[in-house]
Structures are given as C-alpha cells and as structure tokens.
Amino acid sequence: MDDLNRTGQIMSVQKISESLYVGLCLKIGTPQQVASRRDIQDIEDMLTNNGVINKQMTTMLSGSRREGFRLSGSDMDFMLWPNNHRVIWDFSQCQFYNTQEHALILCDSSESPPGFTLLWLPLDRTSHRVMSACVRMNGMLYISSSKYREIKCSLGIAGSTPHGPCSSGTLNGVLEYDHAHCFVSDFWPPSASPWKDRCHSWPLPHVVNDIIRNGCHVVAIGHKLGNHTDNEWRISFSQAEYKLVCSMNHTQFLTYGLLKLFLKEIIDKGLKNEEKLLCSYHMKTAVFWAIQQNTLSHWCPQNLLTGFWVCFKLLLKWVYEGVCTNFFIPENNMFLSKIYGEAQKTLFARMYRLYEKGIPLLLHSPSIASYIINVLCNPRLTICTDEHTLISEVKVDEEIFREMINNDSICTSNLNECEKYLHTVEQFIGLPLTQYQVVVLQKFTANILQLTAFFLDNMYTSAGFNKQLFITNKISCHALKFAAKFGFVSDMLYIAMYYNKTFRYSKALSVIDKTKVKFALPCLMYERHVDRERYNEAVGEQSLSTKMRQAVSMNIKLDNDIFYINELMPEQQYSKQNIQPFLCIPPLVLLYMLELLCSRHVDTLRAQRALDDLQVLVHHDQGELVPVHLRAIVIIYMYSIYLFDVFKLSI
C-alpha cells in the first residue's frame, strides 16, 4: 500500500511539473522564443561590434536579457570596455600584442582575495582618461576601480548613479539600466584553470574550449574585506556564463527561471531592499553546480520540480554554512561580507520555514500558482508539453519582429561608415546562420541602404554639386527600392519620403498608393494588431523573410542626425534634445502626412482627404495603429493642419 501511495505521489509531482513547465514556457518563453532572442542579440552584436567600424568602446548586453529572459521589471545590463586596452596575466602574453595599439594591463593577484585582482600598468602607458584613475602603490602605477567608476559615471548618461561596479539609471522614466565598466582579457585567468578539469559531463568539451578561448573581463569593484578595496577589480565570467546558460536544455533553463521567480515573489516578498541578501546570480550559480554535479540524472519536463528542489536545498545548505562557492573559482565565497551573523540566521530561518512547506510553497507565487492548482483540481488532466501546441505561430512571429526592432539601434555618422557596414554584411553572406539571424541581417542591410540614400542626398545637395546630383539621385533611388524588396512592408515609405524631399510629388504619391494597397491587406501585422486567421492563410509556415516582406509593418525609425524632410525637422530636434537617437513614427501617420505634403502641390482635394484621414486616425484609434507611447506624434498632425490652412489661404 505504501508503494502505491508513493507511486501516486511521484505521478502527481510529475504531472504538476509538466503543468508548471507549460506555465513557465508561457511566462518565460518556449525553446523557440528563447533561441530567437539569443540569436537576434548575437547577430546584432556581431554586426555592431565587428571591428570594421573603428570604435573606441565595445558595448555588450549581458545579464538576464542576454540569456533569453524577458521578465517584467528586469533592467538592461551592459558591459563596456575600451578596445585599445588588454588585460594579461603574465608577461609572456605581451608577445601577442602590438604595444603601439594596445595599452597592456598586468594582473597582480598576490594580495587580493580569490576572484579579485589589482591592475598594474607595467609600461606606465595608457589613455589620458584611464591615467586619471590611476594611483601609485609601492612606486608602481595601478588603476583604481573606485576612481575609474567615478570617472565613467560622471561621463555617462545624465542622472546616472554608482551601483556596485555599474553606473545605473532610468531612461525615459521607464527603462532601468546598469552599465558595468570593465576591461577585457583575451586569456583565461590562472585562478580558474582547475575549472576545466571539473567539466566531465557538462558542459560539453567544445563549449569548455570556446569559453576558455574567449577569456574574461575585470569589472570595477573590489572585495569589501580585501586589502585594497578601493583599487581592486573583480574577475567577471559574464561571457562564460552566457555560454553555459545557452548550453542548458530548456528544462534546466526554466528551472533557473523558476528560481528567479521564487526569489522575487516568495523569498524576498515583503522585505526592504537592504534586507534582500540573495540575488539572481546566486540562483544561477546553484543551477550550474546542480547540473555539473549530476544531482539529477534526467532534466525533463516531468522532473522540473525535482530539479527546482535540488537547487533549493543547495541554496539552503549554502545559507546555513555561510558559503556560496563561485562556479569558476570555488575559493571565492560569494557570501563573505554579505551573509553572516544575525542576517544569515534570519535568512536561514525564513528559507527553512519555506522548505518545511514542501512543494506547496510555490502556491505563494502569483506567476505560477494557477498551474499547480489546475492539476490539484483536475488530477486526470492530460498535459501536452510540445512547444508548438503552447503558443501560436502568429504570436511567436510577433515577438520575433518586435525583438528585431527593439535591438535595431544602429547609429552611423557618415557615408564611410555605411560602406564599411555593407562590407561587414558581405562577410556574413554564405555563413551558417539561423533563420532568425538571416532576417536580422536582411533588415540591417535595408537600414544601411536607407541611411546611405539620405546621406548621399544630404551630402551633395548641401554642397551644391549639381553635376553629381543626377548620379547620386539614381544611386539613392536604387538603394531605397532595393531595401524595400527585403525589408518590412512599411519600408516603402522611405522611398516616398525621398521623392517628397526631391520635389517629385507625383512619384511619391504613386508609391503611397502602392503602400496603401499593402497596408489594406487583411493579413498585415503591425505591433500586436493582426488578424491571426488571415495572417496564417497568407504567410503561415513560410520563412520569416517572406513574412517580413509581405505581411509585416513596423514603426518608421528616423536617425535624428540625418535630414529627411523639412516637416520632420522640428520633431527630430525635439527628440534629439531628449537624448533619443531616433524619432519613431507609426507608418500610417507618416503615410497620411506624406500624402498631405505631396498632394497639396498637385491635388488639393486629395490633400483635404489625407488630412481628414489623419485626423480620424489620430483621434479615433484605440492604440492599435497609433501606439500610446507614440501619441506625441500628434504634434506632426497639428503641424500638418497648420500647413494645410496656410496653403488654403494662399490660393
């Protein structure tokens, strides 16, 4: 009888695990969604940090968003480092660098706690900015982490404040960010060398080799109990951790996500910020150790709760002992100076009370409780964990295209950089890219061609080179038409803008008419506005490339450093003053505005109709075609009314 009860309990836990797996896929992402997020970010990084454009700094998205999470309330974590500095671990590594191009920084870990180091400039040569953050110790020049943080924070985004090794702040009052200032090392740190010998079954050898080959970073924060707190730097394995998370299967990834939710919604519930001792990094470390130590032989949807419980017990053990061993450098106790004494006892008591509740403790999580209750109330419920049944193709496509646009932040200041970016694109042609990366590469190319067209026109129009205008005009038109062939449907509006800018109003109206036909298609997707049935009928199961070209419209992003048309200049200047690199315009708003601007020269009745259409759109749309966050574009609408009134008075 006991065996039957135990079997029933196991089956119940497995069914709850499956239900929870489904819930977490909907909350955190299916395997396809997570893969698309990572691939899109990876190709964006490769395109913008490829070295073709001579940039002084490299910026890399890190943290939860880089790993594939899109949880509400999470901030944007970035790592920033200068490209002309390199960290080395011994003098023999100097041979790999031209010291005229790179300032070399030698690590001195002799007096630092495990996982930390001092940065010595053996040649006393560096940039002026880094030199201003240096201090003398024993007659040698070291880079002070505290001074470096202060300098970087003062030069960063207005309103940034120091937060650990980062400059932190909020953009537009909504998006929180952390900029971690660091230096890069192309070499794996000697103190982490034993890590490779621990990797027997996970991660796989090719992942291990890739991690070691890509080195590490040092971030500007010292150990609170170190001998040189203000001057020490912490060794960061952020890139390695990202590769480890990518090597997890989806159940392991969702276990990590469940631990993040568990921390936020249960352990930390009701606590003040200063009372929150555990962090997401501790959760990730627990998952790493649990996977590598083979504490669960089979990570699958039926064992999701078992995996969570293994990690929870490991965390509980760490808190009890006051020791959380870093995954790469176990000698680095990450609880030291943070979880000890009364605070440690209080945290352990809190976690142990949760432990005594068993699996029902997860009923306290508003994000996932319903998926547990669903099984408890319907024990005979059949649960399907196939990702293709969990979320529709249309919804997946919505996220993929939105992710592309959110990561589309290319800024270039001149025609020469556009040319270099196009050469970069050439390097990717023929490489084994995923379907998500191919469509990003297409849109990236379209963006560069659009920028090239307007750069050319601005250059020769302002310079007054009349002999060149005819040639550049042909090149610009060809570039814009070519971009429209493999960009979004809405990219046709760049052609209409160009024709309007160059006084070819009839041609612009012809493009607008064609665009109207495409915008009127019942299958068209814009933001979250789409007729799912018609979309599936038109482009279902086709490539992302085909979907983008035939059935997707996106907001028009105008670089605020480029002149497009006179009527948009005030809006671009206002946007630029608010530290925005782009002006975003809903495509229908721009279409009606361009129709008004062009038809006022050739057809006054059509101009009036365009104005009426624009008025109806702005005043009666329910946030579907004019998103709430872009309502400020109503200024353009008001300017259009004024423009039309002036025009009527003049005839």
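One can find the structure itself at the top, above this paragraph.
Before going into details, it helps to say that this report is about the structure given with it. Predicted model, so just to flag it, every value in this text is computed and none were measured.

About the criteria used
Residues numbered from 1 in each chain as written. Predicted model: local features only at pLDDT ≥ 70, side-chain atom pairs only at ≥ 80, totals over all residues. Heavy atoms only, no water. Helix = DSSP H or I, 4+ residues; strand = E, 2+ residues; numbered from the N terminus. Buried < 20%, exposed > 50% of the residue type's maximum accessible area, 1.4 Å probe, protein only. Arc of directions from axis to C-beta. Contact = heavy atoms within 4.5 Å. Phe/Tyr/Trp six-rings, centres within 6.5 Å; stacked < 30°, edge-to-face > 60°. Lys NZ or Arg CZ within 6 Å of the ring centre and 35° of its normal. Disulfide = S-S within 2.5 Å. Pairing = 2+ DSSP bridges. Expected span 1.5 Å × (residues − 1). Salt bridge = Lys/Arg side-chain N within 4 Å of Asp/Glu carboxyl O. Axes fitted to C-alpha atoms, helices over the stretch in contact; angles between N-to-C directions. Parallel < 35°, antiparallel > 145°, perpendicular 65-115°, else oblique. Left-handed = near helix turned anticlockwise from the far one by under 90°. Nonpolar A, V, L, I, M, F, W, Y, C, P; charged D, E, K, R; others polar. Core = buried A, V, L, I, M, F, W, Y, C linked by side-chain atoms within 4.5 Å. Patch = residues over 30% accessible without salt bridge, like charges linked within 9 Å, V, L, I, M, F, W, Y side chains within 5 Å. Areas by Shrake-Rupley, 256 points an atom, 1.4 Å probe, with all protein chains shown as cover. Lys, Arg positive; Asp, Glu negative; His and termini not counted. Charge placed at Lys NZ, Arg CZ, Asp CG, Glu CD.

## Digging into the side chain of Glu-398
Looking at the element boundaries, Glu-398 is found in helix α15 (residues 393–406). Judged by relative accessible area, which is 4%, Glu-398 ranks as buried.

## Examining helix α7 (residues 205–213)
Along α7, the residues classified as buried are Val-207, Val-208 and Ile-211. For α7, the angular spread of buried residues about the axis comes to 100°, placing them on one side. Those residues of α7 that are exposed and aimed more than 90 degrees away from the buried face are Pro-205, His-206 and Arg-213. The inward-facing, buried residues of α7 abut α6 (195–198) and α8 (238–246). Directly after α7, the chain includes Gly-215, whose backbone phi takes a positive value near 65°.

## Quick word on the packing of aromatic side chains
Going through the model one piece at a time under the given rule, you end up with 34 aromatic pairs. For the ring pair Trp-188 and Trp-195, a centre distance of 5.7 Å and an interplane angle of 45° mean the geometry is tilted. Judged on exposure class, the residue Trp-188 and its partner Trp-195 are both buried. Members of the aromatic cluster, joined through ring pairs, are Trp-188, Trp-195, Trp-202, Phe-237, Phe-288, Trp-289, Phe-327 and Phe-328. The positively charged end of Arg-38 is found above the aromatic ring belonging to Phe-253, 4.9 Å away from the centroid. Positioned above the aromatic ring of Phe-582 is the side chain of Lys-557, whose terminal nitrogen or guanidinium carbon lies 4.5 Å from the ring centre.

## Focus: the state of the cysteines
With the rule as written, the count across this model stands at 0 disulfides. Just so you know, Cys-300 is unpaired, no disulfide at all, and the nearest cysteine sulfur is the one on Cys-25, 13 Å from it. What makes Cys-300 buried here is its relative accessible area of 10%. The structure places no disulfide on Cys-324, whose sulfur is separated from the nearest cysteine sulfur, that of Cys-279, by 8.2 Å.

## Thoughts on the pairing of strand β4 (residues 103–108)
Of all 6 residues that make up β4, 6 are buried, and the element is covered over most of its length. With burial as the criterion, each face of β4 is covered, one bearing Ala-103, Ile-105 and Cys-107 and the other bearing Leu-104, Leu-106 and Asp-108. Relative to β4, strand β3 (residues 85–88) runs parallel, the two sharing 4 bridges. Bridged to Ile-88 within β4 is Leu-106.

## Some words on helix α12 (residues 341–357)
The end-to-end C-alpha distance of α12 is 25 Å, a good match for the 24 Å that 17 residues give at a rise of 1.5 Å each. Considered for burial, the residues of α12 that qualify are Gln-344, Leu-347, Met-351 and Leu-354. Across the axial projection of α12, the buried residues extend over an arc of 95°, all falling on one side. Facing away from the buried side of α12 by over 90 degrees, the exposed positions are Glu-342, Lys-345, Thr-346, Arg-353 and Glu-356. Close packing links the buried residues of α12 with α9 (250–267) and α11 (304–321).

## Notes on the pattern of salt bridges
Close approach of charged atoms allows side chains of opposite charge to pair. Counted according to the given criterion, the structure contains 20 salt bridges. For Glu-67, the salt bridge is made with Lys-284, and the minimal N-O distance between the two is 2.7 Å. Here Glu-67, found in helix α3 (residues 63–67), pairs with Lys-284, found in helix α10 (residues 280–292); they are 217 residues apart in sequence, far enough to count as distant. One exposure class covers both Glu-67 and Lys-284, and it is buried. Between Asp-561 and Lys-576 there is a salt bridge; the shortest N-O distance is 2.6 Å. You can see Asp-561 sitting in the loop between β15 (556–559) and α23 (569–577) and its partner Lys-576 sitting in helix α23, a full 15 residues away along the chain.

## A look at the environment of Gly-540
Position of Gly-540 relative to the elements: it lies in the loop between α21 (532–539) and α22 (544–551). A relative accessible area of 22% means that Gly-540 is categorised as partly exposed. Expressed as a C-alpha distance, the spacing of Gly-540 and Phe-563, which sit 23 residues apart in the sequence, is 38 Å. Apart from residues no more than four positions distant in its own chain, Gly-540 is found in contact with Glu-393 and Tyr-535.

## Things to note about the packing of α9 against α11
Interhelical geometry of α9 versus α11 gives an angle of 55° and a closest axis separation of 9 Å. Taken as axis vectors, α9 and α11 run oblique relative to one another. Crossing angle aside, the handedness with which α9 passes α11 is right-handed. Contacts from Thr-251, Leu-254, Thr-255, Leu-258, Leu-259 and Phe-262 of α9 reach α11 at Leu-304, Gly-307, Phe-308, Cys-311, Phe-312 and Leu-315. Across the contact of α9 with α11, the residue classes break down as 9 nonpolar, 3 polar and no charged.

## Looking at unusual backbone geometry
Geometrically, the link from Trp-202 to Pro-203 is a cis peptide bond, its omega value of -10° lying close to zero. Relative to the assigned elements, Pro-203 resides in the loop between α6 and α7. One non-glycine residue with positive phi stands out, namely Ser-337, at about 75°. When you line up the elements, Ser-337 lands in the loop between α11 and α12. Note on Ser-337: relative accessible area 25%, which makes it partly exposed.

## Considerations on the nonpolar core
The biggest cluster of nonpolar side chains holds 102 residues, and the ones touching the most others in it are Ile-143, Phe-183, Phe-262, Leu-278 and Leu-362. Looking at this core, the element that brings in the most residues is α11, giving 12 residues. Every residue in contact with Phe-262, bar those within four places of it in the chain, is listed here: Ile-267, Phe-308, Phe-312, Leu-354, Leu-361 and Leu-362. Residues Ile-391, Tyr-499, Val-589 and Leu-594 belong to the second largest nonpolar core, which totals 81 residues.

## Considerations on a nonpolar patch on the surface
On the surface, a cluster of nonpolar side chains totalling about 250 Å² of accessible area is made up of Leu-363, Ile-373 and Leu-376. Here Ile-373 is to be found in helix α13 (residues 369–377).

## A closer look at the environment of Phe-237
Turning to its location among the elements, Phe-237 is positioned in the loop between β12 (233–236) and α8. Taking relative accessible area as the criterion, Phe-237 reaches 4% and is therefore assigned buried. Beyond its immediate stretch of four places on either side in the chain, Phe-237 contacts Trp-188, Pro-189, Ala-192, Cys-216, Asn-326, Phe-328 and Ile-329.

## Overview of the environment of Arg-125
Its location among the elements puts Arg-125 in the loop between β5 (116–120) and α4 (128–131). For Arg-125, a relative accessible area of 36% gives the class partly exposed. The spatial distance from the C-alpha of Arg-125 to the C-alpha of Gln-580 is 36 Å, given a sequence separation of 455 residues. Setting aside residues no more than four positions away along its own chain, Arg-125 makes contact with Thr-99, Gln-100, His-102 and Ala-103.

## Considering a positive patch on the surface
A surface patch of positive charge is lined by Lys-481, Lys-485, Lys-507 and Lys-514. Contributing elements (two or more residues each) for the positive patch: α18 (466–486) and α20 (505–519). For Lys-481, the position within the fold is in helix α18.

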